[in-house]
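Residue-level structure breakdown
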Amino acid sequence: MVREANIDDLQSVLELYLHLHEEDIPQKDGHLEKVWKQIIEDPNHHLIVNEIDGKIVSSCVCVIIPNLTRNVRPYAFVENVVTHQSFREKGYAHQCLDYAKEISKKENCYKMMLLTGSKKEKTLRFYEKSGYNSADKTAFIQWL
């Protein structure tokens, strides 16, 4: 079942992120709790999860960004697409991305953007099959 995360999903999401690129779960402190609450309460921040038999197995984040161009239409940014290793290639991440697309349409976004650090052909094909292309824009990153 694809849905938006709720306040009780923090531990499950953090555990899932170990299958993304995280090496450990952040220390549970006031900062973590504050950031989690901020994410959950922000109407433009959508942490989408796919839950199978009570376990969160896939997720992505979709942030709606207000914009003054394109007839004052917002755009969406998708990040942190991940599926638990044991549940990959079953369509769960596609379902999360489809959910993000529906949110983006509902919010009248004119585009969705997604960045990946992966150079794996399989991963790039996955994003192409999900409707994204790498031909229209060039992305640059500055790490801080």
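In case you missed it, the structure is sitting above this.
One structure accompanies this document, and this report is about it. Owing to the predicted nature of the structure, the values given are computational and were not obtained by experimental measurement.

What counts, and where the lines are drawn
Residues numbered from 1 in each chain as written. Predicted model: local features only at pLDDT ≥ 70, side-chain atom pairs only at ≥ 80, totals over all residues. Heavy atoms only, no water. Helix = DSSP H or I, 4+ residues; strand = E, 2+ residues; numbered from the N terminus. Buried < 20%, exposed > 50% of the residue type's maximum accessible area, 1.4 Å probe, protein only. Contact = heavy atoms within 4.5 Å. Areas by Shrake-Rupley, 256 points an atom, 1.4 Å probe, with all protein chains shown as cover. Lys, Arg positive; Asp, Glu negative; His and termini not counted. Charge placed at Lys NZ, Arg CZ, Asp CG, Glu CD. Core = buried A, V, L, I, M, F, W, Y, C linked by side-chain atoms within 4.5 Å. Phe/Tyr/Trp six-rings, centres within 6.5 Å; stacked < 30°, edge-to-face > 60°.

**A few points about the overall build of the protein**
- The helix and strand inventory of the protein stands at four helices and five strands.
- Tracing the protein from N to C terminus, the helices and strands come up as β-α-α-β-β-β-α-β-α.
- If you line up the protein on its principal axes, its C-alpha atoms span 40 × 35 × 35 Å.
- Per-residue burial over the protein gives 34% buried out of 144 residues.
- A separation threshold of at least 6 residues defines the contact pool for the protein, and within that pool the share at least 24 residues apart is 62%.
- Roughly 9800 Å² of accessible area belongs to the protein as shown, and the carbon and sulfur atoms make up 50% of that amount.
- Averaged over its 19 positive side-chain charges, the protein has a centre that lies 7 Å from the centre of its 21 negative ones.

**Regarding unusual backbone geometry**
- The phi angle at arginine 70 is positive, at roughly 55 degrees, despite the residue not being glycine.
- Mapped onto the fold, arginine 70 is located in the loop between β3 (55–65) and β4 (75–83).
- Since its relative accessible area comes to 53%, arginine 70 is described here as exposed.

**A few points about the nonpolar core**
- Formed by 17 residues in total, the largest nonpolar core has its most connected members in Ile48, Cys60, Val78, Val81, Leu97, Leu114 and Tyr127.
- Broken down by secondary-structure element, the contributors of at least two residues to this core are β3, β4, α3 (92–106) and α4 (121–129).
- With sequence-adjacent residues up to four places away left out, isoleucine 48 is seen in contact with Val2, Arg3, Glu4, Ser58, Ser59, Cys60, Cys62, Cys96, Tyr99, Ala100 and Ile103.
- Core analysis: the next-biggest nonpolar cluster, separate from the first, contains 14 residues, Leu10, Leu14, Trp36 and Val82 among them.

**Points about the environment of leucine 20**
- As for its position among the elements, leucine 20 is in the loop between α1 (10–16) and α2 (30–41).
- Distance in space between the C-alpha atoms of leucine 20 and aspartate 136 is 26 Å, their sequence separation being 116 residues.
- Apart from the residues within four sequence positions on either side, leucine 20 is in contact with Asn80, Val81 and Val82.

**Describing the packing of aromatic side chains**
- Summed over all chains, the structure comprises three aromatic pairs.
- Their ring planes at 55 degrees and their centres at 6.4 Å tell us that phenylalanine 87 and tyrosine 92 sit as a pair that is tilted.

As far as function goes, none of this settles anything; it's purely spatial.
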